[in-house]
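Inside the fold
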Amino acid sequence: MRIVFIGPPGAGKGTQAEKIIAKYRPAHLSTGDMLRAARDAKSEIGLQAEKFMAAGQLVPDEVIVGVIEHRLQEPDCQAGYLLDGFPRTIAQAEALDRMLTAKGTPLNVVLELRVPDEELYRRLAGRGRADDQPEVIRERLVAYNNQTSPLLQYYAKQNLLATIDGLGTVDEIFARIEQVLDSVQ
Ligand code: AP5
Ligand code: MG
């Protein structure tokens, strides 16, 4: 299965991704994790991405599209993958569509995890990643609302969007996701 996960910072994408991977076995492609690893390794991409991430802004499309294009060629992606945090702009979604059309491997479903802002702040306050200070969270939310939320309509038009209520326990939310994934397999 080829799945895209969309949701604001702190919605629980990473948390639910772990459970999806354990049950359905797609490759897990988290662009946030990839960029943090690149930053820590001080690679060229990491150095380019660092200041955007620290400010809560999106890294430039061309940087991340190149990373994904390479990653999708790897053997573990051929049986399916979960894109966690990509695409995040219309330009990224269009680039992904071009790659998938060229390979003849369309997406199966786009999962939106919907969580109110107050709950996002509460969850991220309890985590403490470098970009989890309130002013950076605010910027990440602005980026989500301005640049990423237009993707919801983009994928609704392609009949791929499934919106999941992201409030509740981790297991309750996963049960909602299972219902959707079991219906598209
Ligand atoms: P990224 O790493 O993708 O961060 P994000 O989207 O801000 O989301 P998070 O990882 O913070 O939240 P999550 O939804 O995964 O929630 P989690 O499961 O951790 O991106 C970071 C940065 O990288 C971006 O700002 C940007 O600069 C750059 N970047 C990445 N991709 C890019 C792209 N495509 N284009 C451009 N730039 C890009 O959960 C959060 C907390 O809540 C945890 O503590 C968890 O334990 C808790 N929690 C989870 N579920 C529940 C629950 N049900 N109840 C209570 N608590 C819960
Ligand atoms: Mg995450």
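Scope of this entry: the structure provided in the associated data block. Bear in mind the structure is a predicted one, so any value in this text is a computation, not a measurement.

1. A word on the overall build of the protein
When its secondary structure is counted, the protein shows 9 helices and 5 strands. Reading the helices (α) and strands (β) of the protein from amino to carboxyl end gives β-α-β-α-α-α-β-α-β-α-α-α-β-α. A globule of 185 residues ought to have a C-alpha radius of gyration of about 16 Å, and the protein, at 16 Å, matches this closely. A principal-axis box enclosing the C-alpha atoms of the protein has dimensions of 40 × 40 × 30 Å. Out of the 185 residues in the protein, the part that is buried amounts to 49%. Across the protein, contacts joining residues at least 24 apart in sequence account for 75% of those joining residues at least 6 apart. Summed over all atoms, the accessible surface of the protein reaches about 9,300 Å², with 51% contributed by carbon and sulfur. Here the protein holds 22 positive side-chain charges and 26 negative ones, and the gap between their average locations is 1 Å.

2. So, the side chain of aspartate 132
Mapping aspartate 132 onto the fold places it in the loop between α6 (117-125) and α7 (134-148). Look at aspartate 132 and you get buried, because its relative accessible area is 7%. One polar contact links aspartate 132 to arginine 140, side chain to side chain, over a distance of 2.9 Å. Apart from the residues within four sequence positions on either side, aspartate 132 is in contact with Leu124, Arg127, Ile137 and Arg140.

3. Considering the layout of surface pockets
Considered as a void within the structure, the largest pocket measures approximately 860 Å³ in volume. Lining of the largest pocket is provided by 41 residues; of these, Pro9, Lys13, Arg88, Arg129 and Arg140 occupy positions nearest its centre. Mapped onto the lining of the largest pocket, the elements with two or more residues apiece are α1 (13-24), β2 (27-30), α2 (31-41), α6, α7 and α9 (170-184). If you tally residues by element for the lining of the largest pocket, the top one is α2, at 5 residues. Tallied by class, the residues present in the lining of the largest pocket amount to 14 nonpolar, 17 polar and 10 charged.

4. A closer look at helix α3 (residues 44-55)
Taken together, the buried positions of α3 are Gly46, Ala49 and Met53. The arc enclosing the buried residues of α3, seen along the axis, measures out at 75 degrees, which places them on a common side. Set apart from the buried face of α3 by more than 90 degrees, the exposed residues are Glu44 and Lys51. Considering only its buried residues, α3 is in contact with α2 and α7. Backbone geometry just after α3 places glycine 56 at a positive phi near 80 degrees.

5. Quick look at the site of ligand 1
Taken together, 31 residues sit near ligand 1, with Thr15, Thr31, Gln57, Arg88 and Arg140 positioned nearest. Residue glutamine 57 places a main-chain N or O atom 2.6 Å away from an oxygen atom belonging to ligand 1. Between a nitrogen atom of ligand 1 and a main-chain N or O atom of glycine 85, the distance comes to 2.9 Å. For ligand 1, whose accessible area on its own is 1,100 Å², the fraction buried by protein is 86%.

6. Considerations on the packing of α6 against α7
Geometrically, a packed helix pair is captured by the angle between its two axes and the distance between the axes. Relative orientation of the contacting elements α6 and α7 amounts to 135 degrees, with a least axis distance of 11 Å. Considering their axes alone, α6 and α7 lie oblique with respect to each other. Judged by the sense of rotation from one axis to the other, the crossing of α6 with α7 is right-handed. Residues Asp117, Leu120, Tyr121 and Leu124 of α6 lie in contact with α7, whose contacting residues are Pro134, Ile137, Arg138, Arg140 and Leu141. Considered class by class, the residues forming the contact of α6 with α7 number 6 nonpolar, no polar and 3 charged.

7. A short note on the sheet that holds strand β5 (residues 161-165)
Within the open sheet, the 5 strands sit side by side as β2-β3-β1-β4-β5. Their pairing is parallel. Bordering the open sheet on either side are β2 and β5, each of which pairs with just one other strand. On average, adjacent strands in this sheet sit at an angle of 20 degrees to one another, irrespective of strand direction. Note: β2 against strand β3 (residues 81-84), 4 bridges, orientation parallel.

Rules behind the numbers
Residues numbered from 1 in each chain as written. Chains lettered and ligands numbered in written order. Predicted model: local features only at pLDDT ≥ 70, side-chain atom pairs only at ≥ 80, totals over all residues. Heavy atoms only, no water. Helix = DSSP H or I, 4+ residues; strand = E, 2+ residues; numbered from the N terminus. Rg over C-alpha atoms; globule rule 2.2 N^0.38 Å. Buried < 20%, exposed > 50% of the residue type's maximum accessible area, 1.4 Å probe, protein only. Contact = heavy atoms within 4.5 Å. Areas by Shrake-Rupley, 256 points an atom, 1.4 Å probe, with all protein chains shown as cover. Lys, Arg positive; Asp, Glu negative; His and termini not counted. Charge placed at Lys NZ, Arg CZ, Asp CG, Glu CD. Polar contact = N/O pair within 3.5 Å; in protein donor to acceptor, adjacent residues only side chain to side chain. 1 Å grid on protein atoms, 1.4 Å probe; cavity = no way out; pocket = protein on both sides within 12 Å on 5 of 7 lines; lining within 4 Å. Points joined across faces, edges and corners; volume = space filled by probe spheres on them. Nonpolar A, V, L, I, M, F, W, Y, C, P; charged D, E, K, R; others polar. Arc of directions from axis to C-beta. Near = heavy atom within 4 Å. Axes fitted to C-alpha atoms, helices over the stretch in contact; angles between N-to-C directions. Parallel < 35°, antiparallel > 145°, perpendicular 65-115°, else oblique. Left-handed = near helix turned anticlockwise from the far one by under 90°. Pairing = 2+ DSSP bridges.

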